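Descriptive structure summary
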Amino acid sequence: MDPVQKDLENRKSEIKNAMEMMFKANMTITDWDVPEGDDKEAAKILISIMQEALDEIKVDIEAGKYDYF
């Protein structure tokens, strides 16, 4: 395992926890803003937004944006 892989593997749970915290924080905000809303639908939309952001980052990676970060 190279140093980058080792570093990220060591922080994997921290990264996943941060993603879950961001998801839950946005679910909470949506629940405050629209208390009568459908939480399951909100969760699906939120995941779609998060995936869209990840997809945009993937495009940036392929375009070389992070080659020399």
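Residues numbered from 1 in each chain as written. Predicted model: local features only at pLDDT ≥ 70, side-chain atom pairs only at ≥ 80, totals over all residues. Heavy atoms only, no water.

Here the focus is the overall build of the protein chain. Secondary structure summary: the protein chain contains three helices and zero strands in total. Listed by position from the N terminus, the elements making up the protein chain come as α-α-α. For 69 residues, the compact-globule estimate of 2.2 N^0.38 gives 11 Å, and the protein chain exceeds it by more than 25% at 16 Å. Projected onto the principal axes, the alpha-carbon positions of the protein chain cover approximately 50 × 25 × 15 Å. Each of the 69 residues in the protein chain was classed as buried or not, and the buried ones make up 9%. Of the roughly 6200 Å² that the protein chain leaves accessible, carbon and sulfur atoms contribute 58%. Seen as two clouds, the 9 positive and the 17 negative side-chain charges of the protein chain have centres 7 Å apart. (Helix = DSSP H or I, 4+ residues; strand = E, 2+ residues; numbered from the N terminus. Rg over C-alpha atoms; globule rule 2.2 N^0.38 Å. Buried < 20%, exposed > 50% of the residue type's maximum accessible area, 1.4 Å probe, protein only. Areas by Shrake-Rupley, 256 points an atom, 1.4 Å probe, with all protein chains shown as cover. Lys, Arg positive; Asp, Glu negative; His and termini not counted. Charge placed at Lys NZ, Arg CZ, Asp CG, Glu CD.)

Before going further, it helps to spend a moment on the packing of helix α2 (residues 12–33) against helix α3 (residues 39–62). Interhelical geometry of α2 versus α3 gives an angle of 135 degrees and a closest axis separation of 10 Å. Judged on the interaxial angle alone, α3 and α2 are oblique. Judged by the sense of rotation from one axis to the other, the crossing of α2 with α3 is right-handed. Of the residues in α3, those in contact with Met19, Met22, Phe23, Asn26, Met27, Thr30 and Asp31 of α2 are Asp39, Ala42, Ala43, Leu46, Ile47, Met50 and Leu54. (Axes fitted to C-alpha atoms, helices over the stretch in contact; angles between N-to-C directions. Parallel < 35°, antiparallel > 145°, perpendicular 65-115°, else oblique. Left-handed = near helix turned anticlockwise from the far one by under 90°. Contact = heavy atoms within 4.5 Å.)

Counted under the stated rule, the structure contains one aromatic pair. Residues Tyr66 and Phe69 carry aromatic rings whose centres are separated by 5.5 Å and whose planes lie at 50 degrees to one another, so their mutual orientation is tilted. Note on Tyr66: relative accessible area 32%, which makes it partly exposed. (Phe/Tyr/Trp six-rings, centres within 6.5 Å; stacked < 30°, edge-to-face > 60°.)

Here we take up the pattern of salt bridges. In the structure shown here, the tally under the stated rule is three salt bridges. The closest approach of N and O atoms between Lys65 and Asp60, which form a salt bridge, is 3.8 Å. For Lys65, a relative accessible area of 54% gives the class exposed. (Salt bridge = Lys/Arg side-chain N within 4 Å of Asp/Glu carboxyl O.)

What follows deals with the environment of Thr28. Its place among the elements puts Thr28 in helix α2. Put simply, Thr28 and Asp39 are eleven residues apart on the chain and 9.7 Å apart in space, counted from C-alpha to C-alpha.

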